[in-house]
Amino acid sequence: MRKWMTGAAAVLVVAVGGTSFVASAAPAAVEAVLAPFRWSANGQSFSASATFHNGTERVPGSMNYKGTTYIPIRMAAEALGLTVQWDGKTSTATLVDSENDDDPVSDVPGKYPNASYTVSAKLVKNAALYQNMDEKGAVVASGLKAGQSVVVLSEAGGWLKVVADGRIGYARTNVTDYVPFAERPAWERTADSIIEAGLAYLGTPYEFDADLGQTATFDCSSFVNYLYEMHGMDMPRNSRQQSGLGKTVAFEDLRKGDLLFFTTPKRANKEGVDRVGHVAIYVGGGKVLHTFRVGIGVTVTQLDKNWTDRFISAKRVI
């Protein structure tokens, strides 16, 4: 009798069909019989004697434990035309109908990198980086050169809190090209407020068809819906509906707050609005704020060729 075993204090090996499989330690020792079980789905046949590659190693196609037969979740999902999205942070597997997959780059191998988002300003003349914001007794920390870029952390009363050459300090606003929030046009203030609110949810888990009105999880369109309705705009539920709003703008004319729409591998060959499978918020600098994959959640992404090749349209709604 062929058996698959896992133990609490050991890693055991069992041979199946000439191939060895390793099971890592489990909370309690169990013995699972590799019974001659067969099943089929979507025209494909499977059996316990066949093996399945789970992305890391080959494992049995099924096991029987105390009269119940178990099938690898990824194997069953793929046989049914579903994809498995794994969140290593919570050890959660989510089965997603690929027809409804928000992920435009699901066919790109490997992990997709996150990008950073910062607000920068450029020095218009030589100036000083101060240790404090004292109008009369500000202590100079170092010098700043015209043309130098700094990262702006906050603004207050004619001063900017910045990062320059890896050092945090303060610079007078009027020595930079930075435009204070109150002096920006209305559309830009709204866009900046939406982006700031969205950045507060970085890392929030992705969940397809997440409920509206809550912030524990988002999918791409519920995230957009939440942020824009928070700022007084009516926003439909899904990305295809959202793509019908606003004024179409060219990719080279994008500005903060524009909505970008992408297709996905499953929708790439569809026509019209049905090609749309994902929405993201443009934040400037060739980057978007969005959510598109379990295990990543809300994130900022640099629009490289993998994304621009899947770009469909951009809409200005602010």
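Residues numbered from 1 in each chain as written. Predicted model: local features only at pLDDT ≥ 70, side-chain atom pairs only at ≥ 80, totals over all residues. Heavy atoms only, no water.

### Quick notes on the overall build of the protein
Looking only at helices and strands, the protein has five helices and 24 strands in total. Of all 318 residues assigned to the protein, the portion counted as buried reaches 40%. Intrachain contacts of the protein at a sequence separation of at least 6 include 53% that bridge at least 24 residues. For the protein, the accessible surface area stands at approximately 16500 Å², while carbon and sulfur atoms represent 51% of it. (Helix = DSSP H or I, 4+ residues; strand = E, 2+ residues; numbered from the N terminus. Buried < 20%, exposed > 50% of the residue type's maximum accessible area, 1.4 Å probe, protein only. Contact = heavy atoms within 4.5 Å. Areas by Shrake-Rupley, 256 points an atom, 1.4 Å probe, with all protein chains shown as cover.)

### Some words on unusual backbone geometry
Despite not being glycine, Asp165 has its phi angle at roughly 55°, a positive value. When you line up the elements, Asp165 lands in the loop between β17 (159-164) and β18 (167-172). Accessibility expressed as a relative area gives 71% for Asp165, which makes it exposed. Non-glycine residue Asp209 carries a positive phi angle of around 60°. For Asp209, the position within the fold is in the loop between α2 (186-199) and α3 (220-230).

### Structural notes on the environment of Gly286
Its place among the elements puts Gly286 in the loop between β21 (278-284) and β22 (287-291). Remark: the alpha-carbon pair of Gly286 and Leu303, spanning 17 residues in sequence, is separated by 5.7 Å. Setting aside anything within four residues of it in sequence, one finds Gly286 in contact with Thr301, Gln302 and Leu303.

### Points about the packing of aromatic side chains
Applying the stated criterion across every chain yields a total of 10 aromatic pairs. Each ring, one from Phe218 and one from Tyr226, has its centre 5.8 Å from the other, and the planes form 45°; the classification is tilted. Overall, the relative accessible area of 1% leaves Phe218 in the buried class. Taking the relative accessible area as the measure of exposure, Tyr226 reaches 23% and is therefore partly exposed. (Phe/Tyr/Trp six-rings, centres within 6.5 Å; stacked < 30°, edge-to-face > 60°.)

### Concerning the sheet that holds strand β20 (residues 259-262)
Reading across from one edge, β19-β24-β20-β21-β22-β23 is the order of the six strands in this open sheet, with antiparallel pairing throughout. Looking at strand neighbours, the two that pair on one side only are β19 (247-249) and β23 (298-302), the edges of this open sheet. Each adjacent strand pair in this sheet contributes to an overall mean axis angle of 35°, direction not counted. Sheet strands touched by α3: β20, β21, β22 and β23. Its angle to β21, the strand with the most contacts, is close to 50°. (Pairing = 2+ DSSP bridges. Axes fitted to C-alpha atoms, helices over the stretch in contact; angles between N-to-C directions.)

### Digging into the pattern of salt bridges
Evaluation of the coordinates by the stated rule reveals 10 salt bridges. Across the pair Arg316 and Asp258 runs a salt bridge, and its minimum N-O distance is 2.9 Å. One end of the pair, Arg316, is in strand β24 (residues 311-316); the other, Asp258, is in the loop between β19 and β20, with 58 residues separating them in the sequence. (Salt bridge = Lys/Arg side-chain N within 4 Å of Asp/Glu carboxyl O.)

### What about the nonpolar core?
Counting residues in each nonpolar core, the largest one holds 21 residues, and the members touching the most others are Phe223, Val224, Leu227, Tyr228, Leu259, Ile281 and Leu289. Residue contributions to this core peak at five residues, all from α3. (Core = buried A, V, L, I, M, F, W, Y, C linked by side-chain atoms within 4.5 Å.)

### Observations concerning the side chain of Thr291
In this fold, Thr291 is placed in strand β22. A polar contact of 3.4 Å, which involves the side chain of Thr291, links it to the backbone oxygen of Gly297. Setting aside chain neighbours within four positions, we find Thr291 in contact with Tyr206, Phe218, Asp219, Cys220, Phe223, His278, Gly297 and Val298. (Polar contact = N/O pair within 3.5 Å; in protein donor to acceptor, adjacent residues only side chain to side chain.)

### Things to note about α3
Among the 11 residues of α3, eight are classified as buried, and the element is accordingly described as predominantly covered. Along α3, the positions that sit buried rather than exposed are Cys220, Ser221, Ser222, Phe223, Val224, Asn225, Leu227 and Tyr228. Buried residues in α3 make contact with α2, α4 (239-242), β20, β21, β22 and β23. One or two steps after α3, the chain reaches Gly232, where phi turns positive at roughly 85°.

### Some points on the environment of Gly244
Here Gly244 is to be found in the loop between α4 and β19. A relative accessible area of 60% places Gly244 in the exposed class. Separated by 29 residues in sequence, Gly244 and Val273 have C-alpha atoms that sit 8.5 Å apart.

### Observations concerning the environment of Leu199
Checked against the element boundaries, Leu199 lands in helix α2. Sequence separation of Leu199 and Val298 is 99 residues, and the distance between their C-alpha atoms is 8.2 Å. The residues touching Leu199, leaving out its near neighbours within four places in the chain, are Tyr117, Leu289 and Val300.

### A few points about the pairing of β20
Judged by which residues are buried, β20 turns out to be covered on both faces: Leu259 and Phe261 on one side and Leu260 and Phe262 on the other are all buried. Both β20 and β21 contribute to a ladder of four bridges, which runs antiparallel. From the neighbouring strand, Leu259 faces β21, where its bridge partner is Ile281.

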